[in-house]
Amino acid sequence: MTPDQVRAGSAPIIVTALLGRADQAALDAMRREHYPPDRNVLPAHLTLFHHLPPSVEEELKHRLNAATRGVRAPAAKAAGLMPLGRGVAVKIESPGLAAIRNELSEAFAGLLMPQDAGGWRPHITIQNKVAPSMAKLLLGALGKEFRARDVEIAGLAAWWYRGGPWEPLSRHMFA
C-alpha cells in the first residue's frame, strides 16, 4: 500500500472477534512466549476477515452492530492446536461465530479477497514465521499439556490496516 493510498483512506479493513479479558491475557502471554519478538506487533486475535475494502466501512459497522446489539455472545471453545507449517495456532470452534461470519460473507461476497472467500479456519496464532522444525517442536510440547476449554467471545471489531499495528475503527460488544 502506498502512502497516498493510506492518506486517502483506502486502507483495507480487518474484522476480528474480541476475546474476554482472561482469555485475551492468557493468549497474549502464549504469543509473547512463542512468537518471534521482532514480529509480534499485535495482540492475540481471531480474524474473521483479513481484507475488506474501505468502501464498506459504514455498511460493515451497521452489520456488526446488528450482529451484536442485544445479542448474547456465541459460545466458543479452544478445541485444539493447529499446525501452520511455520507456526502454531489454537483452533477455535464456534458455530455461532461461524454463522455471523457466513452472514457477513454473503453480504460482501463480491468484494472478498481469495483468502476471505475461501473456507474459514478460525484460529488464534501463537507462533508464526519460524522454521518448520521449531513449529513442530512447539506443537509437540504444547500438545502434551493442551486441554480443550471454553473461550469468551466478548464482541466484534473492525480495524484499519495501514502497514503496521492495526488502527481501531469500531468495536461492537455482545450483550
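- By the naming in an unreviewed UniProt entry, the protein chain goes by 2'-5' RNA ligase family protein and is assigned to Sphingomonas koreensis.

1. Quick look at the layout of surface pockets
Next up, step 1: In this structure, the largest pocket occupies an estimated 880 Å³ of space.
Next up, step 2: For the largest pocket, the lining is made up of 30 residues, of which His45, Thr47, His50, Gln115 and Trp166 are closest to its centre.
Next up, step 3: At the level of secondary structure, the elements contributing two or more residues to the lining of the largest pocket comprise β2 (46-52), α5 (114-117) and β5 (123-127).
Next up, step 4: Looking at which element gives the most residues to the lining of the largest pocket, the answer is β2, with four residues.
Next up, step 5: Split by residue class, the lining of the largest pocket holds 13 nonpolar, 11 polar and six charged.
Next up, step 6: Here the second largest pocket defines a volume of roughly 300 Å³.
Next up, step 7: In terms of lining, the second largest pocket is formed by 17 residues, of which the most central are Leu18, Leu19, Gln24, Trp159 and Arg171.
Next up, step 8: Mapped by element, the contributors of at least two residues to the lining of the second largest pocket are β1 (13-19), α2 (21-34), β7 (153-160) and β8 (167-173).
Next up, step 9: No other element matches β1, which puts four residues into the lining of the second largest pocket.
Next up, step 10: Considered class by class, the residues forming the lining of the second largest pocket number 11 nonpolar, four polar and two charged.

2. So, the pairing of β8
Next up, step 1: In the sheet, β7 pairs with β8 via six bridges, with the strands oriented antiparallel. Directly across from Gly155, in β8, lies its bridge partner Met173.
Next up, step 2: In sequence, β7 turns back onto β8 through a hairpin of six residues, with Gly163 there showing a positive phi of about 95 degrees.

3. So, helix α6 (residues 132-145)
Next up, step 1: An ideal rise of 1.5 Å per residue puts 20 Å on 14 residues; α6 measures up with 21 Å between its terminal C-alpha atoms.
Next up, step 2: Within the sequence span of α6, burial applies to Ala135, Leu138 and Leu142. Taken end-on, α6 shows its buried residues confined to a sector of 65 degrees, consistent with a single buried face. Residues of α6 that are exposed and point more than 90 degrees away from the buried face comprise Lys136, Leu137 and Lys144.
Next up, step 3: Looking at the buried positions of α6, the neighbouring elements they touch are α2, β3 (77-83), β4 (88-93) and β5.

4. Quick notes on the packing of aromatic side chains
Next up, step 1: Counted by the stated rule, this structure contains one aromatic pair.
Next up, step 2: Centroid distance Trp159 to Trp166: 6.0 Å. Interplanar angle 55 degrees. Geometry classified as tilted. For the pair Trp159 and Trp166, a shared accessibility class is recorded, and that class is buried.
Next up, step 3: Across the ring face of Phe108, the terminal group of Arg63 is positioned such that the distance to the ring centre comes to 6.0 Å.
Next up, step 4: The ring of Phe49 is capped by Arg101, whose NZ or CZ atom sits 4.5 Å from the centre of that ring.

Cut-offs used in this document
- Residues numbered from 1 in each chain as written.
- Predicted model: local features only at pLDDT ≥ 70, side-chain atom pairs only at ≥ 80, totals over all residues.
- Heavy atoms only, no water.
- 1 Å grid on protein atoms, 1.4 Å probe; cavity = no way out; pocket = protein on both sides within 12 Å on 5 of 7 lines; lining within 4 Å.
- Points joined across faces, edges and corners; volume = space filled by probe spheres on them.
- Helix = DSSP H or I, 4+ residues; strand = E, 2+ residues; numbered from the N terminus.
- Nonpolar A, V, L, I, M, F, W, Y, C, P; charged D, E, K, R; others polar.
- Pairing = 2+ DSSP bridges.
- Expected span 1.5 Å × (residues − 1).
- Buried < 20%, exposed > 50% of the residue type's maximum accessible area, 1.4 Å probe, protein only.
- Arc of directions from axis to C-beta.
- Contact = heavy atoms within 4.5 Å.
- Phe/Tyr/Trp six-rings, centres within 6.5 Å; stacked < 30°, edge-to-face > 60°.
- Lys NZ or Arg CZ within 6 Å of the ring centre and 35° of its normal.

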